[in-house]
Amino acid sequence: PVAARILFARTPQRTLRLMSTPASTLSLHDAAKPLLDFYQRGGVAPPELLPIDGADMPEPFRKLLVHADDMTPTLEHFHGARIHLRMVNREVTEAAYTREVILEAGEQNVPVEFGAIVIHLEQFSEAARELILGESVPLGTILADHAIIHNSCPQAYFRVNSDPLITEALGLPASTELYGRCNIHRDLDGKHLAEIVEILPPENCA
C-alpha cells in the first residue's frame, strides 16, 4: 500500500489527515523496535504492546494518534502550550542516534508523551543536527522550523499497560492502560529520517 503523503509546515490553522488503518509496511514488533531495543539492551522485559485498529481507539487518543501528522504540533494544538523535551536515555552509534524521551507541555512541565526514537543524523543539515543533539527541542519542532519536507507514515497503533519505567516517566500513580502509535518519517526520496514510538498518558493526567 502507498503510505500517506503530506507536506508539513508550521501554520496557525492545522488540518489533521485522519487514518483509521495505517499504511503499514512493518509488523507492530518491527515498528516498535526503537522502544523494544532499549529494553533488550537493558536486559529488562518490555511491556506487551497489543495492536489496535485506529477506528477502535477511544477519544481523545484517536484524535491525537490516528492521523498522518507530526505529534509535536498535534500535542501543542491540543494542550495549547509549547512542547519541550526531557531526556530519559540515549545511545549514539555510527549508524544512528537513539533516545527515550518525555515530551512536556508549558511552564508546568506536564508530561504529554513518552517516546522512543531512532534519528538518522546523516539525513539532516548541520544546523538541524546541532539542535537534535542539543536534546531540548523535539524533532517535530525542528522539522517544522527548518521547513524539512517529509512524509509521516504511521505503521501501527497499540495499547499497552504501563510498566514501572513508563509509569514513572509519565508521572502516573499506578500501571495504567495507555495508547500509542509507531511512525516513520521519510524524506521525499523515501529515505528514513526517523522511526518513532509514541505513547500518550491518560487524558486526566495530561
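Note that the structure is predicted; figures quoted are calculated from it, not measured.

A. Seen up close, the pairing of strand β7 (residues 192-200). Of all nine residues in β7, eight are buried; the element is thus mostly enclosed. Inspection of the sheet shows strand β4 (residues 110-119) paired to β7 by six bridges, in the antiparallel sense. In the strand pairing of β7, Ile119 is matched with Ala194. Here strand β6 (residues 177-186) runs beside β7; their pairing, made up of eight bridges, is antiparallel. By the bridge assignment, Asn183 is partnered in β7 with Ile196. The loop that links β6 with its antiparallel partner β7 comprises five residues; one of these, Gly190, has a positive phi angle of about 90°.

B. Molecular detail of the packing of aromatic side chains. Evaluated as defined, the whole model comprises one aromatic pair. Taking the ring centre of Phe38 as reference, the NZ or CZ of Arg41 above it sits at 4.7 Å.

C. Representation of the pattern of salt bridges. Applying the stated criterion across every chain, the model contains nine salt bridges. For Arg90, the salt bridge goes to Glu135, with nearest N and O atoms at 2.6 Å. Of this pair, Arg90 sits in strand β2 (residues 83-92) while Glu135 sits in the loop between α5 (126-134) and α6 (139-145), and the two are 45 residues apart along the sequence. For Arg90, a relative accessible area of 42% puts it in the partly exposed group. With a closest N to O distance of 3.3 Å, Glu177 and Arg159 form a salt bridge. Here Glu177, found in strand β6, pairs with Arg159, found in strand β5 (residues 151-161); they are 18 residues apart in sequence, far enough to count as distant. Since its relative accessible area comes to 37%, Glu177 is described here as partly exposed.

D. Structural context of the nonpolar core. If you look at the biggest cluster of nonpolar residues, it comprises 21 residues, and the most contacted ones within it are Phe114, Phe158 and Ile199. When contributions to this core are tallied by element, the ones reaching two or more residues are α1 (28-31), α2 (33-42), β4, β5, α7 (164-169), β6 and β7. Discounting chain neighbours no more than four positions away, the residues touching Ile199 are Leu35, Glu113, Phe114, Phe158, Val160, Ile166, Leu178, Tyr179 and Gly180. By size, the runner-up hydrophobic cluster in this structure holds 17 residues, among which are Met71, Ile83, Val101 and Val112.

E. Structural context of α2. If you check which residues of α2 are buried, you get Pro34, Leu35, Leu36, Phe38 and Tyr39. Looking one or two residues past α2, Gly43 carries a phi angle of roughly 70°, positive in sign.

Conventions we followed
Starting from 1, residues in each chain are numbered consecutively following that chain's sequence as written. Only residues with pLDDT of 70 or above have their local features reported here, since the model is predicted, and side-chain atom pairs are shown and tallied only from 80 upward, although totals for entire chains, interfaces and linings are computed over all residues. Values reported for side chains reflect all heavy atoms of the structure, with hydrogen atoms and water molecules removed beforehand. When accessible area is computed with a 1.4 Å probe and restricted to protein chains, residues below 20% of their type maximum are described as buried, those above 50% as exposed, and intermediate ones as partly exposed. Secondary structure is summarised from DSSP: a helix means a run of H or I of at least four residues, a strand means a run of E of at least two, and numbering begins at the N terminus for each. DSSP bridges decide pairing: two strands pair if at least two such bridges lie between them. Working definition: rings of Phe, Tyr and Trp (its six-membered ring) pair if their centres are within 6.5 Å, and the pair is stacked with planes under 30 degrees apart, edge-to-face with planes over 60 apart, and tilted otherwise. Only Lys NZ and Arg CZ are tested; either one counts as a charge over a ring when it is within 6 Å of the ring centre and within 35 degrees of the ring normal. Counted as salt bridges are all cases of a side-chain nitrogen of Lys or Arg within 4 Å of a carboxyl oxygen of Asp or Glu. For the purposes of this section, nonpolar cores are sets of buried Ala, Val, Leu, Ile, Met, Phe, Trp, Tyr and Cys residues that join through side-chain atoms within 4.5 Å. Between two residues, a contact is recorded if the distance between any of their heavy atoms is within 4.5 Å.

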